[in-house]
Amino acid sequence: MSSELHVDQDFEKFKPWAYIKEYYGKLDCWHRNPLKYLHDFYTSHFQRGANLKVLNYGCGPIVAFEASAVPYAQEIVLADYAEQNRAVAKLWLDKDPSRPDFSALYRYVVEELEGQGAGEVEERQDAVRRLSTICGCDIYQDPLIEKGYEGPYDVIYTASCIEDACYTIEVFGAALSKLCDLLKPGGWLVMSVCTGTEAGTLNMNYVDSIRYVELKVRETDIYEILQQRCGFVRESITILPLVHLSPEPLPDNLECTMYVIAQKKRGANLKVLNYGCGPIVAFEASAVPYAQEIVLAEYAEQNRAVAKLWLDKDPSRPDFSALYRYVVEELEGQGAGEVEERQDAVRRLSTICSCDIYQDPLIRERL
């Protein structure tokens, strides 16, 4: 791999069996958090049989985080840099007698999260085997995945991968941008990433007494990179904290983990007109993820004046928050904290102009 890696990183000497023994010897919060977030993501965003094309980028030797994708996927691609990791993953896919045992992770998804019977656990594992292929990848190459696997993908999942291979925020941002290029417009990035309060600081992990370091990334870095470099809009990015789902204390190296779910912008920077908007500024809520500009046109000056109060966040403005809550929480399934952000996004994108259906042109000057 490139010399831009940390000086003490040597993934070609990474020991997959030691990693599995050390980090996957028992089911704990290390596994429950990403498995639950993936379960919640798929069940809340897709209908069964959606025929998704899914990529796990930097899967390591583990084949388990695909469990919740099965009811929605038609193809799963497992990509990893290290040949020895791919070899162990292939043992599992081939049902080799020497394969690692990930059944505890599948039981957690199938029995605890989905409420199905024990007999479904083996079937779910076999379904992952039927849907999955393995390929090589290198975050420093272009393309960053083996030829023939460039996508585009509906969902990309990556965990403890990019920040393990990048030593500055700038390099991390460039790598994440290249990875997001593999997404379809409207596709989803689901990412587990090491976080910290200071940009560029490092977290230490050990596998078989060999030290590996992770770049700590701030929430503000994630928002900036995804919006400015990867084609996402702020309203489509959700950052979720780690939740303590196990009775055991949190491992030190897990306390600084955050989960990112983000949808790549659809379409091509739409220009949207609401002709005859009246005094209401709410029917633009669903346009935000797709628009670069919104124009509100209205004949009556008094209606434009009220709409402008809302756009300017004047204390006397009308309250349309119930309409935004319906769109953001009920229709899109996002959290309550996104409602105000969606209203602010409409404000940023919108301008008001006058109009008259009997004039030519029927739209006049902007205010």
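Structure report, in brief.

1. What about the overall build of the chain?
Line of reasoning, step 1. Helix and strand counts for the chain come out as 11 helices and 13 strands.
Line of reasoning, step 2. Taken over 367 residues, the chain has a buried fraction of 53%.
Line of reasoning, step 3. Long-range contacts, defined here as pairs at least 24 residues apart, represent 67% of the contacts in the chain between residues at least 6 apart.
Line of reasoning, step 4. Surface accessibility of the chain: about 17000 Å² in total, with carbon and sulfur atoms responsible for 49%.

2. Structural notes on the environment of D154
Line of reasoning, step 1. As for its placement among the helices and strands, D154 is situated in strand β4 (residues 153–159).
Line of reasoning, step 2. Look at D154 and you get buried, because its relative accessible area is 16%.
Line of reasoning, step 3. Separated by 102 residues in sequence, D154 and L52 have C-alpha atoms that sit 5.7 Å apart.
Line of reasoning, step 4. Once you skip the residues sitting within four places of it in the chain, D154 turns out to touch N51, L52, K53, L183, K184, G187 and W188.
Line of reasoning, step 5. A polar contact is formed between the side chain of D154 and the backbone nitrogen of K53, at a distance of 2.8 Å.

3. Notes on the pairing of strand β5 (residues 183–194)
Line of reasoning, step 1. When you tally the buried positions in β5, you get 10 out of 12 residues, the bulk of the element.
Line of reasoning, step 2. Relative to strand β9 (residues 257–264), β5 is paired through 7 bridges, and the arrangement is antiparallel. By the bridge assignment, L189 is partnered in β9 with A262.

4. Description of the side chain of E66
Line of reasoning, step 1. Within the secondary structure, E66 is located in the loop between β1 (52–57) and β2 (73–80).
Line of reasoning, step 2. Separated by 2.6 Å, the side chains of E66 and N56 make a polar contact.
Line of reasoning, step 3. Non-local contacts of E66, meaning those with residues more than four positions away in its chain, are made with N56, I76, L78 and V128.

5. Overview of the packing of helix α4 (residues 103–113) against helix α5 (residues 119–131)
Line of reasoning, step 1. Contact pair α4 / α5: the axes reach a minimum separation of 9 Å and the direction vectors enclose 110°. The angle between the axes of α4 and α5 places the two elements in the roughly perpendicular class. On α5, the residues that touch S103, Y106, R107, V109, V110 and E111 of α4 are E120, V121, R124, Q125 and V128.
Line of reasoning, step 2. Broken down by class, the residue content of the contact of α4 with α5 amounts to 5 nonpolar, 2 polar and 4 charged.

6. Some points on the layout of surface pockets
Line of reasoning, step 1. In this model, the second largest pocket occupies a volume close to 200 Å³.
Line of reasoning, step 2. Around the second largest pocket, the lining residues are Q227, G231, F232, V233, R234, E235, K265, V288, A291, A345, R348 and L349.
Line of reasoning, step 3. Within the residue set of the lining of the second largest pocket, elements represented by two or more residues are β8 (232–241) and α11 (337–349).
Line of reasoning, step 4. The biggest single contributor to the lining of the second largest pocket is β8, with 4 residues.
Line of reasoning, step 5. Here the lining of the second largest pocket is composed, by residue class, of 6 nonpolar, 2 polar and 4 charged.

7. Some thoughts on unusual backbone geometry
Line of reasoning, step 1. The peptide bond linking G151 to P152 adopts the cis configuration, its omega dihedral lying at 5°.
Line of reasoning, step 2. Mapped onto the fold, P152 is located in the loop between β3 (132–136) and β4.
Line of reasoning, step 3. Residue P361 is reached from D360 by a cis peptide bond, and omega for that bond is 5°.
Line of reasoning, step 4. Mapping P361 onto the fold places it in the loop between β12 (350–355) and β13 (363–366).

8. Focus on the sheet that holds β3
Line of reasoning, step 1. Strands sit in the order β3-β2-β1-β4-β5-β9-β8 across an open sheet of 7 strands; the sheet is mixed. Two strands close off the open sheet at either side, each with one partner strand: β3 and β8. Strand-to-strand, the axes of this sheet are offset by a mean angle of 20°, without reference to chain direction.
Line of reasoning, step 2. Here 3 bridges tie β1 to β4, and the two strands are oriented parallel to one another. Paired with N56 across the two strands is Y157, which belongs to β4.
Line of reasoning, step 3. Against the sheet, helix α3 (residues 83–93) contacts β2 and β3, and its axis sits at roughly 170° relative to β3.
Line of reasoning, step 4. Contacts between α5 and the sheet are confined to β2 and β3, with β3 contributing the most and set at about 50° to the helix.

9. A short note on α4
It helps to recall that an α-helix has 3.6 residues per turn; residues three or four apart then point in one direction.
Line of reasoning, step 1. Within the sequence span of α4, burial applies to S103, L105, Y106, Y108, V109, V110 and L113.
Line of reasoning, step 2. In this structure, the buried side of α4 is in contact with α2 (29–45), α3 and α5.
Line of reasoning, step 3. Directly after α4, the chain includes G115, whose backbone phi takes a positive value near 75°.

10. A few points about the state of the cysteines
Two cysteines, two sulfur atoms, one covalent bond between them: this is a disulfide.
Line of reasoning, step 1. Here the structure, examined in full by the defined rule, presents 0 disulfides.
Line of reasoning, step 2. Of all cysteine sulfurs in the structure, the one in C180 sits closest to C230, which takes part in no disulfide; the separation is 4.1 Å.
Line of reasoning, step 3. Among the residues examined, C230 registers a relative accessible area of 5% and is labelled buried.
Line of reasoning, step 4. In this structure C353 is a free cysteine whose sulfur lies 6.3 Å from that of C355, the closest cysteine sulfur available.

11. A short note on the nonpolar core
Note on soluble globular proteins: their nonpolar side chains tend to be buried together.
Line of reasoning, step 1. Of all hydrophobic cores here, the largest spans 45 residues; its most connected members are Y24, Y42, Y106 and V155.
Line of reasoning, step 2. The element that contributes the greatest number of residues to this core is α4, accounting for 6 residues.
Line of reasoning, step 3. Discounting chain neighbours no more than four positions away, the residues touching V155 are F41, Y42, F46, L52, K53, V54, L55, L183, W188 and V190.
Line of reasoning, step 4. In this structure, I145, Y153, I156 and L179 belong to the second largest nonpolar core, which totals 42 residues.

Cut-offs used in this document
Residues numbered from 1 in each chain as written. Predicted model: local features only at pLDDT ≥ 70, side-chain atom pairs only at ≥ 80, totals over all residues. Heavy atoms only, no water. Helix = DSSP H or I, 4+ residues; strand = E, 2+ residues; numbered from the N terminus. Buried < 20%, exposed > 50% of the residue type's maximum accessible area, 1.4 Å probe, protein only. Contact = heavy atoms within 4.5 Å. Areas by Shrake-Rupley, 256 points an atom, 1.4 Å probe, with all protein chains shown as cover. Polar contact = N/O pair within 3.5 Å; in protein donor to acceptor, adjacent residues only side chain to side chain. Pairing = 2+ DSSP bridges. Axes fitted to C-alpha atoms, helices over the stretch in contact; angles between N-to-C directions. Parallel < 35°, antiparallel > 145°, perpendicular 65-115°, else oblique. Nonpolar A, V, L, I, M, F, W, Y, C, P; charged D, E, K, R; others polar. 1 Å grid on protein atoms, 1.4 Å probe; cavity = no way out; pocket = protein on both sides within 12 Å on 5 of 7 lines; lining within 4 Å. Points joined across faces, edges and corners; volume = space filled by probe spheres on them. Disulfide = S-S within 2.5 Å. Core = buried A, V, L, I, M, F, W, Y, C linked by side-chain atoms within 4.5 Å.

No statement about biological role is implied by the geometric values presented.
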